[in-house]
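Examining the three-dimensional arrangement
Here is what each chain is made of, one letter per residue.
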Amino acid sequence: MPKAIWNDEVIADSDDTVVLEGNHYFPLASVREDVLVPSETHTVCPWKGKASYYSLRADGHTAADAAWFYPDPKPDASAVRDRVAFRGGGGVLIQA
């Protein structure tokens, strides 16, 4: 089962991830909400749409903009609706 690990803690796990462009998108319900902090950051992907971000925060540690999601993905990316992916550069390890 794929897991997202940050600071030696499992912050998401699910056997229902969607892999897109090498990223595992976890169902939002499988992510620990207590570590997610909404961010003001947004980016745009030409074919997926506008991405919104979360920072991660727990035990005095913060990883800015380490998770992203598409609240209203374009039709070709509808499989990632209500799912969250994590940035490896944000210190998140994905074990698949």
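If you're wondering where the values come from, they're calculated on a predicted model, not measured in any experiment.

Cut-offs and rules
Residues numbered from 1 in each chain as written. Predicted model: local features only at pLDDT ≥ 70, side-chain atom pairs only at ≥ 80, totals over all residues. Heavy atoms only, no water. Pairing = 2+ DSSP bridges. Helix = DSSP H or I, 4+ residues; strand = E, 2+ residues; numbered from the N terminus. Axes fitted to C-alpha atoms, helices over the stretch in contact; angles between N-to-C directions. UniProt positions renumbered as here; feature names shortened; annotations may be inferred. Buried < 20%, exposed > 50% of the residue type's maximum accessible area, 1.4 Å probe, protein only. Polar contact = N/O pair within 3.5 Å; in protein donor to acceptor, adjacent residues only side chain to side chain. Salt bridge = Lys/Arg side-chain N within 4 Å of Asp/Glu carboxyl O.

1. What to know about the pairing of strand 5 (residues 36-45)
With 7 bridges connecting them, strand 5 and strand 6 (residues 49-58) associate as antiparallel partners. Its bridge partner being in strand 6, H42 is matched across the sheet by S52. The turn joining strand 5 and strand 6, which pair antiparallel and follow one another in sequence, is formed by 3 residues.

2. A few points about the sheet that holds strand 1 (residues 3-6)
Strands sit in the order 2-1-9 across an open sheet of 3 strands; the sheet is antiparallel. Edge strands, defined here as strands with exactly one partner in the open sheet, are strand 2 (9-13) and strand 9 (93-95). The mean angle between the axes of side-by-side strands here comes to 30°, regardless of whether they run parallel or antiparallel. Relative to strand 2, strand 1 runs antiparallel, the two sharing 4 bridges. Residue pairing in the sheet places K3 in a bridge with D13 of strand 2.

3. What about the UniProt feature "domain: DUF427" (unreviewed entry) in the protein chain?
Those places that UniProt annotates as "domain: DUF427" (unreviewed entry) correspond, in this numbering, to residues 3-86. Between the C-alpha atoms that bound residues 3-86 the distance is 11 Å, and the span itself is 0% helix and 60% strand.

4. Focus: the sheet that holds strand 8 (residues 83-86)
In space, the 6 strands of this open sheet follow the order 3-4-8-7-6-5, with antiparallel pairing throughout. Two strands lie at the open edges of the sheet, namely strand 3 (18-20) and strand 5, each paired on one side alone. Here the average twist between neighbouring strands, direction ignored, is 35°. Where strand 7 (residues 61-69) lies against strand 8, 2 bridges are found, and the strand directions are antiparallel. When the bridges of strand 8 are listed, A67 appears paired with F86.

5. Focus on the side chain of T17
Secondary-structure assignment places T17 in the loop between strand 2 and strand 3. Residue T17 is classed as buried on the basis of its relative accessible area, which comes to 19%. Here the side chain of T17 touches H24 through a polar contact of 3.0 Å, side chain to side chain.

6. So, the pattern of salt bridges
Tallying each qualifying case throughout the model produces 5 salt bridges. Residues R32 and E9 are paired through a salt bridge, measuring 3.4 Å at the closest nitrogen-oxygen approach. On the criterion of sequence distance, the pair formed by R32 in the loop between strand 4 (23-27) and strand 5 and E9 in strand 2 is long-range, its members being 23 residues apart. With relative accessibility at 29%, the residue R32 sits in the partly exposed group. Put simply, R81 and D72 hold a salt bridge, and the shortest N to O gap is 3.7 Å. Bridged by salt links that share partners, the residues E9, R32 and D34 form one connected network.

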